[in-house]
Amino acid sequence: MTPHQESPFKGKTGLRRLLNAFGYSLDGLRAAFHHEDAFRQLSLLALLLVPLALFVVDATPLARALLVASSIATLIIELLNSAIEAAVDHTSLERHPLAKRAKDMGSAAQLLGLVNLLLVWGLVLFG
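These figures come from a predicted structure and were not determined experimentally.

1. Let's talk about the pattern of salt bridges
For the coordinates displayed, the defined rule picks out 4 salt bridges. Between Asp27 and Arg30 there is a salt bridge; the shortest N-O distance is 2.7 Å. In this pair, Asp27 and Arg30 are both assigned in helix H1 (residues 14-35), 3 residues apart and thus about one turn of the helix distant. In this structure, Asp37 engages Arg40 in a salt bridge whose closest nitrogen and oxygen atoms are separated by 1.9 Å. Of this pair, Asp37 and Arg40 both sit in helix H2 (residues 37-56), 3 residues apart, which is roughly one turn of the helix. For Asp37, a relative accessible area of 48% puts it in the partly exposed group.

2. Digging into the side chain of Gln110
In this fold, Gln110 is placed in helix H4 (residues 97-126). You can call Gln110 buried: its relative accessible area is 6%. Of the polar contacts made by the side chain of Gln110, one reaches the side chain of Glu78; its length is 3.1 Å. For Gln110, the residues in contact, after removing those within four places along its chain, are Leu42, Thr74, Ile77 and Glu78.

What counts and what doesn't
- Residues numbered from 1 in each chain as written.
- Predicted model: local features only at pLDDT ≥ 70, side-chain atom pairs only at ≥ 80, totals over all residues.
- Heavy atoms only, no water.
- Salt bridge = Lys/Arg side-chain N within 4 Å of Asp/Glu carboxyl O.
- Helix = DSSP H or I, 4+ residues; strand = E, 2+ residues; numbered from the N terminus.
- Buried < 20%, exposed > 50% of the residue type's maximum accessible area, 1.4 Å probe, protein only.
- Polar contact = N/O pair within 3.5 Å; in protein donor to acceptor, adjacent residues only side chain to side chain.
- Contact = heavy atoms within 4.5 Å.

See the structure below:
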C-alpha cells in the first residue's frame, strides 16, 4: 500500500457506513464489558451516578451535565485505554519500554479521568 492509498478494508459510504459504524461501536461495548473488569466496574459506577445526577442531586442543569459528563468520560477513557492495551498486546507480548510507556500513559489517562470525576462531584455536592 502506498503512503496515500486508502485501506482496502475501508467501509461503505452514506447510510450503510453509519449503520456499520453503529454495529462496530456496539461490538466494542460488548467486548469491553465482556473482557475488561475495569470497564464493568466503571459501568456499574455510571449506572449509579448518572441517575443520581439526573434525579437526586439538587443542582443546576449545567452542574447536572457536568456530573453526567464526568461519569461518562471515565467510560470513554477506559475504552481508549483498553484499546491501547489490546493493540500493544496484539503487536507483541514481549516486554518493551515503548509498550510499557503506551500502557502506562493509558492508565494515567484513566487516573486523571477518575480524579476529574471526584473533583466534579465534590465541587458540585460540597463546593
